[in-house]
Structure formats: structure tokens, C-alpha cells
Amino acid sequence: MQRILITGARAPISYEVVQQQVALGRTVFLTDSTKKVSIKNSKFIEAFILTTSPRFSTEEYISDINNIVTQYHIDLIIPLNEESFYLSYMKDRLIAPVWVEDISKMLSVHNKYNFTKLIDAMGFKVPDTKYVMNHDDLTTFMNNFPGDEYIVKQPYGRFGQSVRKLTRMSLENDNMIEFPFMIQTLIKGTEWCSYSFAKDGKTLSTSLYLSNTHDSYNCSTHFTSEKNEELQSIIEAVIQNLNWSYQIAFDVIKCETTGDYYFIECNPRATNGALFMQPYVWELKCCEPKYEARQLIFVSLYNFIMRPKKHNLERLKYGKDIFWHPSEKSIFFEQIISGAQWWFEAKSQKTTVNTITTYDIEWNEDIVNL
């Protein structure tokens, strides 16, 4: 029986991925650098083991992972969150296989500006983009690509926290804008999210779902897998060009005027699309994703309270909660406890919940000593 170590257990998708592993007859162990993990007491796992922070104590973190591998006889490590970058960076130091790409490839797509250049060079569509250093650069870009609104962001960021939609007038007249930053032409249309699992450039499975971030404070809470053969074929072509292995996710916009698909950014790790994977994909077999609706009910309720909209309330009628299992109902309520802990920590640090949940694991660097 194969013994699996899943890292990044704080990620909401961890519960589903654990169940996918168990369905294959595997024994599952969980680890993270926080105790605020909703599923740490799940009956589907053998043990939850706390580690140090990969961001602030990288050497010690790798030592912790190797100790877990030795103690519990782990056969395979599957990362689910931004600790993926540290496991990739130190992959040659790990004593068990880890399903993550090499760090050079990870960084080539994780940096939003580098990703845009890479995809453009491959011949796929991206918004017109420039990394502007000062007002002269900004003026040149807006003159070359006239528009009423633009997208401004930083190369690194998660949950869309650094992304702003600004008018031309505000960009021209606001002296408080801090350089440097990325600027892109605004592509209006339907926003799609994808998640794929691949091996050596061959896509084994891809799930697609529409983004609802605008209703949920830059973090989707409802996920309904959809079929889109045209987009799926484009994503498979990108994965083949990247010669990618393991997990990768894209945000794409279908332009409302041309019908073309524009790549916006990439996450070279697990995302919510893993909810729709069949267990067999973890045996490196091709399989169709599941077509169903899932949601984070308590987060949706919170968002509804903060921003009441009828359609947000209506959505609560559809889709099983990510943390719901009929034989383990306590986990459904454990998410309230861990969510409250994250909320109180965010308040004490005077920051947002989204920021605090990745603070000790996030990767924000371009240059590493390879």
C-alpha cells in the first residue's frame, strides 16, 4: 500500500485530494506549517504533522519533510499550496519523490510578467503588457495602446490582491501611483479558470470552471465544472509547449468581441479545480474530470453578509460543500473554527484573511541560486 504525504493541508481542496488518494487504497499523511487546518483530525488520514515555515526557515522545513518521510515511510510527496516552490527549489535534497516541476520552470510561469512574455512567444494570446518603471513608460504604453481602462498589477500576488482596474484619467493624474508595476490592456469577456494534471507535456485531465471572483472579494467560492472543448485544446497545447509535468492552472478570458482566449496568469500548483479530478489521475492515467458543483458555504455566507446580492444567496442552494462528507460531518464545522482563527490572526496583524493564510508559505522571488 502506497504511503502519501500531502503538504499544504490548509488548502480547502486538501480534503477532496485526501479522499481521492484513499479511493486508490493509499495511506495518507498530512503536513503544514500551521495548526489552523480544518481536516487535521479527519478519519481519512493517518496523522497530521506540523512543520516549520518553508518561507522563513527553508532549510529546517526541508529537514522536517525528510524526517516525516523517514518516520512514516513515505513513498510520494504531493504538494497543494505555495510550499510547492520550496519543495521544487530543494528537490534534490528530498529523500522521496515529489510531484512538482523544476524550479526554473515554476518561476517562468509564476511571475505574471514573465508568464505573459513566455505565452506570447509561444504564439498564444495575452493582453498587451509592459512593466513600467516611471511616468514616461506609462505614457508611452497608453499612447501605443489607447483605452479608457487598464489593468494594473504586480508580478507576484495571490487572490487577485494586487490587481486593480484603473481609468486612463486616474493613471495620468494620480501622483500617488507607486512604480514599478505591470500594466495591461483591459480584455472584456468571460473569465475561465482551469486546472490540469500532466506528465511530460501530455495532459491527463483538465477541469474548467467559470470565475466568480467579482462577487467574492477576489476569491471564488462557487465552482461548477464546465465543458469547453476549444479552451481545453488550447490549454493542452500550452502544456505540451511547456513540456509540463504535474499540476498547473491558468486564468483565461474569452474576449467578448473577438471570441479569442487570452491567458492572464498561471499557478504552477494545485487550485480549486482539483476538486473535479478523478482518483485515477493520481495513477498518471487519462480521465475525464467530474462535472458537478462545489462550494465553500461558510465563506459564501460571510461574503453575502458583507455584500448582499440576491444571486449570491441563490447560489447557496446548489453544490455540495467542499468540507462535507456524510460519514464525517464534524469536518464541516471544523472549517468554522479554523476560519475564525485565521480571521482573528488577520485582525491582530492588521491585514486581510487572504494575506495571512499564505504569509508563511508564499514565494515572491525571481532569482535563486540554482
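What this report covers is the structure whose coordinates are included nearby. (Residues numbered from 1 in each chain as written. Predicted model: local features only at pLDDT ≥ 70, side-chain atom pairs only at ≥ 80, totals over all residues. Heavy atoms only, no water.)

Below, the discussion takes up unusual backbone geometry. Residue Pro180 follows Phe179 across a cis peptide bond; omega there is -5°. Even without glycine at this site, Leu284 takes up a positive phi of about 60°. Relative to the elements of secondary structure, Leu284 occurs in the loop between strand 13 (261–267) and strand 14 (293–295). One non-glycine residue, Lys350, adopts positive backbone phi at about 55°. Structurally, Lys350 can be placed in the loop between helix 11 (330–349) and helix 12 (353–358). (Helix = DSSP H or I, 4+ residues; strand = E, 2+ residues; numbered from the N terminus.)

Before going further, it helps to examine the pairing of strand 4 (residues 76–79). A two-sided burial pattern is seen for strand 4, the buried positions comprising Leu76 and Ile78 on one face and Ile77 and Pro79 on the other. The pairing of strand 1 (residues 3–7) with strand 4 spans 4 bridges and is classified as parallel. Counterpart to Leu5 in the pairing with strand 4 is Ile77. (Buried < 20%, exposed > 50% of the residue type's maximum accessible area, 1.4 Å probe, protein only. Pairing = 2+ DSSP bridges.)

It is worth spelling out the packing of helix 4 (residues 103–110) against helix 5 (residues 112–122) at this point. Interhelical geometry of helix 4 versus helix 5 gives an angle of 95° and a closest axis separation of 5 Å. What the angle tells us is that helix 4 and helix 5 run roughly perpendicular. From helix 4, Leu107, Ser108, Val109 and His110 reach across to helix 5, where they touch Lys112, Asn114, Phe115 and Leu118. Of the residues contributing to the contact of helix 4 with helix 5, the split by class is 4 nonpolar, 3 polar and 1 charged. (Axes fitted to C-alpha atoms, helices over the stretch in contact; angles between N-to-C directions. Parallel < 35°, antiparallel > 145°, perpendicular 65-115°, else oblique. Contact = heavy atoms within 4.5 Å. Nonpolar A, V, L, I, M, F, W, Y, C, P; charged D, E, K, R; others polar.)

Strand order across the open sheet formed by 7 strands is 13-12-9-10-11-14-15, with mixed pairing between neighbours. With partners counted over all chains shown, the strands left at the sheet margins are strand 13 and strand 15 (320–321), one partner each. Alignment of strand 10 (residues 202–210) against strand 11 (residues 222–226), held across 2 bridges, turns out to be antiparallel. Counterpart to Leu208 in the pairing with strand 11 is Glu226.

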